[in-house]
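# Coordinate inspection notes
Next come the chains, spelled out residue by residue.
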Amino acid sequence: MSDNPTGTVPGSTTAGTTGAATGGHRLAIIGAGVMGTGITTLALGRGIDVILVDVSEDILAKARTAATGQLRLARMMGRLPREGATGELVTTTRIEDIAEATAVVEAVTELAPLKAKVLAEASAVVAPGTLLISNTSAVPIDEQADSVARPEDLVGIHFMNPPYLIHTSELIRGPRSGEAAVEAARGLLEALGQHGVVVGDGPGFVINRILQRMINEAARIVADGVADPASVDAAFEGCLGHTTGPLATADLIGLDNVVDSLRVLHERTGDAGYEPCALLLEKVAAGDFGRKTGRGFFTYGGSTS
């Protein structure tokens, strides 16, 4: 494994060119999974340079290919600018290579100890005052602040999936988040073309405190035989006007990620409504995670599982 594999997406510009055009942002993203890749696509499409970090070159190569395809799709759909600069993408397996980043996004799996480890390593590398962002869907920001060298530099941004198509996110102000960090996060979101809704701290924040419980209950309804997945989602779409029902949303998030988030919420609130139901656990144990594996509550051709 080489120390610092690098490369650019097709049509990318040099770091100096894009930095001048986007307020000097150079974004480090740690974690090249679904969300890390999606945030990378968003940044590149807005002309922001990205250094993407993960543990293996194979993961990074797949993320580069995915980001290229996502960028093309988002531009075809008009959700990212068709004209203008594309950010430069550099990939690396070395956390030390993020030292010059102007902001860092932690985008690893929703496991609190792993997030704490990644944030601790990042905060030890970057300069004081560098914005640290946890892209968490459930773990409280103040809990994560215990792991970083300077808690005042840490905020949360809960990007929606996929972030290059959904342009609103939760901006979480933790009790120890400094005003400078909050304002820096606002500026970064503006450069990314995102509207940040500022919310307070707590397990699940706003979206997932509500959404994950709804998904869990929808799965219980299917397990109890009250309705099949297609009927559950059709009721939400037709009766309530939801664009996507809770179970198709769960498949998009990834049922493994849903279970991880539910466990975070259950552990931190003690509310039994967040304990992952048996059907969700069975699907995850079987490797049926949703869209990313081709099968979850639905199979992707459209029939229910």
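Criteria and cut-off values
- Residues numbered from 1 in each chain as written.
- Predicted model: local features only at pLDDT ≥ 70, side-chain atom pairs only at ≥ 80, totals over all residues.
- Heavy atoms only, no water.
- Helix = DSSP H or I, 4+ residues; strand = E, 2+ residues; numbered from the N terminus.
- Expected span 1.5 Å × (residues − 1).
- Buried < 20%, exposed > 50% of the residue type's maximum accessible area, 1.4 Å probe, protein only.
- Arc of directions from axis to C-beta.
- Contact = heavy atoms within 4.5 Å.
- Core = buried A, V, L, I, M, F, W, Y, C linked by side-chain atoms within 4.5 Å.
- Phe/Tyr/Trp six-rings, centres within 6.5 Å; stacked < 30°, edge-to-face > 60°.
- Lys NZ or Arg CZ within 6 Å of the ring centre and 35° of its normal.
- Salt bridge = Lys/Arg side-chain N within 4 Å of Asp/Glu carboxyl O.

## Some points on helix H7 (residues 207-223)
Compared with the 24 Å implied by 1.5 Å per residue over 17 residues, the 24 Å span of H7 between its first and last C-alpha is a close match. Taken together, the buried positions of H7 are occupied by Asn208, Leu211, Gln212, Ile215, Asn216, Ala218, Ala219 and Val222. Down the axis of H7, the sector holding all buried residues measures 160°, keeping them to one side. Among the structural elements, strand S6 (154-158), helix H8 (229-240), helix H9 (246-253), helix H10 (255-269) and helix H11 (278-285) are those in contact with the buried residues of H7. Positive phi shows up at Gly225, right after H7, with a value of about 80°.

## Topic: the nonpolar core
Counting 34 residues, the largest nonpolar core has Leu27, Ile29, Leu52, Leu131, Val155 and Phe159 as the members making the most contacts within it. Going through the elements one at a time, strand S1 (26-30), helix H2 (34-45), strand S2 (49-53), helix H3 (57-76), strand S4 (103-106), strand S5 (131-134), S6 and helix H6 (179-191) are the ones with two or more residues in this core. Beyond its immediate chain neighbours, meaning those up to four positions away, Leu131 contacts Thr102, Ala103, Val104, Asp153, Val155, Ala181, Ala184, Ala185 and Leu188. The next biggest cluster of nonpolar side chains, apart from the first, holds 25 residues, and it includes Ala112, Val139, Leu211 and Leu265.

## A short note on the packing of aromatic side chains
If you walk through the whole model with that rule in mind, you get 0 aromatic pairs. Positioned above the aromatic ring of Tyr274, the side-chain terminus of Arg213 is 5.2 Å from the ring centre. Over the ring of Phe297 we find Lys283, and its NZ or CZ is 5.1 Å from the ring centre.

## Observations regarding the pattern of salt bridges
Tallied over the entire structure, the rule returns 16 salt bridges. Asp58 is paired through a salt bridge with Lys62; the nearest N and O atoms lie 3.4 Å apart. Taken together, the residues span about one helical turn, with Asp58 and Lys62 both in helix H3 at a distance of 4 residues. Using a relative accessible area of 55% as the deciding quantity, one classes Lys62 as exposed. In this structure, Arg176 engages Asp142 in a salt bridge whose closest nitrogen and oxygen atoms are separated by 2.8 Å. Pair noted here: Arg176 is in the loop between strand S7 (168-172) and H6 and Asp142 is in helix H5 (residues 141-145), with a separation of 34 residues, a long-range link. The exposure class assigned to Asp142 is partly exposed, which follows from its relative accessible area of 25%. One salt-bridge network, in which partners are shared between bridges, spans Glu106, Glu110 and Lys115.

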